[in-house]
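# Architecture at a glance
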Amino acid sequence: GGNGSGASRGGNGSDAAGRAAPKLSTRVIAAAMISAVPSFVSSHPAHLDLALARRSRGDRWLCAQADALVDLGHRLATSASEPLRPRGLALLTRLVETLGDARDPDVPGSALLEQFQAQVLSALRAAAAAAAAAA
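The following paragraphs examine the structure supplied in this document.

## Observations concerning the environment of Glu82
Note that Glu82 resides in the loop between helix H3 (66-77) and helix H4 (85-99). Along the sequence, Glu82 and Val28 sit 54 residues apart, while their C-alpha atoms lie 10.0 Å from each other.

Following this line, the structure appears as structure tokens:
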């Protein structure tokens with residue numbers, strides 16, 4: 001049986017850095033924890049305001065990590081490993097709920113998440129296709 005990583009077991013079973021790939025159960029737990037992050041950010045306004053986050057320096061603000069989080073959510077939601085897919089959808093849902101009203105300071109009149117529309121829609125389409133195939 002495979003571990004769902006898509007990696008071949010024919011080699012040494014390790015990643016490029018020489019470490020063993022995490023077990024599926026470990027990846028599911030990590031994905032569940034990451035998908036909860038948007039729900040737990042503090043009420044500090046820099047989490048929802050990219051211009052303020054940039055002035056506050058550092059990349060610890062949720063909106064400053066939107067690109068990486070959307071990318072991760074998309075990869076999880078479209079994963080070959082079925083147990084990871086709901087975690088990816090949960091992450092994307094929480095990002096939309098949390099950052100849905102955030103504005104993009106680089107594109108006046110635009111929402112911050114507009115630039116990620118294709119990734120979110122792709123993940124939703126994949127989820128719908130998987131649900132239809134399972135029905």
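## Side note on the nonpolar core
Counting residues in hydrophobic clusters, the biggest one holds 20 residues, and the most contacted among them are Cys63, Val70, Leu92, Leu95, Leu99 and Leu112. Elements represented by at least two residues in this core include exactly helix H2 (50-55), H3, H4 and helix H5 (117-134). In this view, Val70 contacts Leu92, Leu95, Phe116, Gln119 and Val120; residues no more than four positions away in its chain are not counted.

## Quick look at the packing of H4 against H5
Relative orientation of the contacting elements H4 and H5 amounts to 140°, with a least axis distance of 11 Å. When the axis of H4 is compared with that of H5, the two are oblique. In terms of crossing hand, the pair formed by H4 and H5 is left-handed. Only Val120, Ala123, Leu124, Ala127 and Ala130 of H5 make contact with H4, whose side of the interface consists of Arg85, Leu89 and Leu92. When the residues that make up the contact of H4 with H5 are grouped by side-chain class, the tally is seven nonpolar, no polar and one charged.

## Some points on the side chain of Ser79
Relative to the helices and strands, Ser79 resides in the loop between H3 and H4. If sequence neighbours within four positions are ignored, Ser79 has contacts with Leu84 and Arg85.

## What to know about the pattern of salt bridges
Summed over the entire model, instances satisfying the criterion amount to two salt bridges. A salt bridge links Asp106 to Arg54; the nearest nitrogen and oxygen atoms lie 2.8 Å apart. Pair noted here: Asp106 is in the loop between H4 and H5 and Arg54 is in helix H2, with a separation of 52 residues, a long-range link. Asp71 is the partner of Arg75 in a salt bridge, and the nearest nitrogen-oxygen pair spans 3.1 Å. With Arg75 and Asp71 both in helix H3 and four residues apart, the pair spans about one turn of that helix.

Reading the values: rules and limits
Residues numbered from 1 in each chain as written. Predicted model: local features only at pLDDT ≥ 70, side-chain atom pairs only at ≥ 80, totals over all residues. Heavy atoms only, no water. Helix = DSSP H or I, 4+ residues; strand = E, 2+ residues; numbered from the N terminus. Core = buried A, V, L, I, M, F, W, Y, C linked by side-chain atoms within 4.5 Å. Buried < 20%, exposed > 50% of the residue type's maximum accessible area, 1.4 Å probe, protein only. Contact = heavy atoms within 4.5 Å. Axes fitted to C-alpha atoms, helices over the stretch in contact; angles between N-to-C directions. Parallel < 35°, antiparallel > 145°, perpendicular 65-115°, else oblique. Left-handed = near helix turned anticlockwise from the far one by under 90°. Nonpolar A, V, L, I, M, F, W, Y, C, P; charged D, E, K, R; others polar. Salt bridge = Lys/Arg side-chain N within 4 Å of Asp/Glu carboxyl O.

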